[in-house]
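Topology and contacts: notes
As a plain string of letters, each chain reads:
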Amino acid sequence: MKSLFRTRVHKILGGGDAAEMPFLDHLEELRWRVLWSLLALAVGAGLGIWLVWHFQLLQYLIIPIAPYLPDGKLFYLSVTDPFFITLNLGLAVGAILAAPVIIYQIWSFVAPALTKSEKRAIVPSLYLGVVLFSGGVALAYMYALPMTLHFFLATIQVDALAQMITAQLYISFVVKLLMAFGIAFELPVVILILSSMGLVTGGWLAEKRRYAIAVMAVAAAMLTPGDVWTATVLLMVPLLGLYELSIVLARIMERRRARALAAEPSTETV
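By convention here, each chain's residues receive numbers from 1 onward along its written sequence. Only residues with pLDDT of at least 70 are given local features in this predicted model, and only at 80 or more are side-chain atom pairs given and counted; all residues enter the totals for whole chains, interfaces and linings. Only hydrogens and water are set aside; all other atoms, that is, all heavy atoms of the structure, feed into the side-chain values.

Here we take up helix α6 (residues 167–184). A rise of 1.5 Å per residue sets the reference length of α6, with its 18 residues, at 26 Å; its end C-alpha atoms lie 26 Å apart and thus fit the reference within 8%. Exposure categories follow from relative accessible area, calculated using a 1.4 Å probe and restricted to protein chains: below 20% of the type maximum is buried, above 50% is exposed, and the middle band is partly exposed. Strands here mean DSSP runs of E at least two residues long; helices mean DSSP runs of H or I at least four residues long; both are numbered from the N terminus. Of the positions making up α6, those classed as buried are Ala167, Tyr170, Ile171, Val174, Leu177, Leu178, Phe181 and Gly182. What you see down the axis of α6 is that its buried residues fit within an arc of 130°, all on one side. Seen from the open side of α6, the exposed residues pointing more than 90 degrees away from its buried face are Leu169, Lys176 and Ile183. What a helix should span is 1.5 Å times the count of its residues minus one. Directions pointing from the helix axis toward each C-beta atom define the arc.

Spelled out as structure tokens, the structure:
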């Protein structure tokens, strides 16, 4: 497995049959890919700030916590907080908007080192990743966030303490929670890509299932603080389902790679 990974890296950086350009030309290409990605981030940040400002996206993030606020508004402690909250939220939105361009630049740089069968497996997985990420964010916003807020604001020391929730800390908490769920739901995509490159197998994933369950249990408890039912059902069950889906996808990829090798035993088409 490690040898195969080194072979892939060697191909990407200019060695082996998959690369025809000299090493310095690959570095020049990498430099331009990075520059285009940074430009996409800058444009996305500007557009994200505009969207946050003109479409009041902040209001949608406040909706889950509004029932626990006296007048439906969050506090801020500094005169500059509204500006920086808008800026930071706009940057987060901009990063999401720029993600397709960045992924395209990464793909364009790595694709020449991949075989046709690997490309056919990875390209659909990128679309699947968008769907899974959106599903994770939606699950967090509609269920995990309200349950988490209820646990912290309506069940713990409510008779002795009064909350004064600041906008900056609340928005930071919400964005991290939404992003964590979205990234966690990318598990099948990561496994599919690794499997298409021969770095993991379905058997290996099945063998490590017990360790994966332990890791997912800890992650579920950390991302959804609250009662056991919330932590288990809300995130643990979807993660288990995604892990089992990853095993199935890995085994499908193994069969495809085996058929491709049987059809072309001595050559590898790039």
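Now that the structure has been shown, we can carry on.
With that settled, the discussion passes to the side chain of Ser246. Here Ser246 shows up in helix α10 (residues 228–263). Non-local contacts of Ser246, meaning those with residues more than four positions away in its chain, are made with Leu187, Pro188, Ile191 and Leu205. Should any heavy atoms of two residues lie within 4.5 Å, those residues are considered in contact.

Before going further, it helps to spend a moment on the pattern of salt bridges. Any Lys or Arg side-chain nitrogen located within 4 Å of an Asp or Glu carboxyl oxygen qualifies as a salt bridge. One pass over the full model with this rule turns up three salt bridges. Between Glu29 and Arg33 there is a salt bridge whose closest N-O contact spans 3.2 Å. With Glu29 and Arg33 both in helix α2 (residues 23–54), this residue pair falls four residues apart, about one helical turn. Arg209 serves as the salt-bridge partner of Glu244, at 2.8 Å between the closest nitrogen and oxygen. Of this pair, Glu244 sits in helix α10 while Arg209 sits in helix α9 (residues 209–223), placing them 35 residues apart in sequence.

Relative to the assigned elements, Ala42 resides in helix α2. In the structure, Ala42 is positioned 53 residues away from Ala95 in sequence and 8.8 Å away in space, judged by C-alpha atoms.

The nonpolar side chains of a soluble globular protein tend to be buried with one another. In these notes, a set of buried Ala, Val, Leu, Ile, Met, Phe, Trp, Tyr and Cys residues joined through side-chain atoms within 4.5 Å is what counts as a nonpolar core. Grouped together as the largest cluster of nonpolar side chains are 39 residues, with contacts concentrated most on Ile65, Leu74, Ile165, Tyr170, Phe181 and Phe185. Those elements that place two or more of their residues in this core are α3 (57–62), α4 (81–110), α5 (116–154), α6, α7 (187–196), α9 and α10. Per element, the largest residue contribution to this core is eight residues, and it comes from α10. For Ile65, the contacting residues outside a window of four places in its chain are Leu74, Leu149, Leu153, Ile165 and Tyr170.

What follows deals with the side chain of Asp81. Within the fold, Asp81 resides in helix α4. Buried and unpaired, Asp81 has Lys176 as its nearest opposite-charge partner, separated by 15 Å. Residues in contact with Asp81, not counting those within four places in the same chain, are Tyr76 and Gln168. In this tally, Asp and Glu contribute negative charge and Lys and Arg positive charge; neither His nor the terminal groups of the chain are included.

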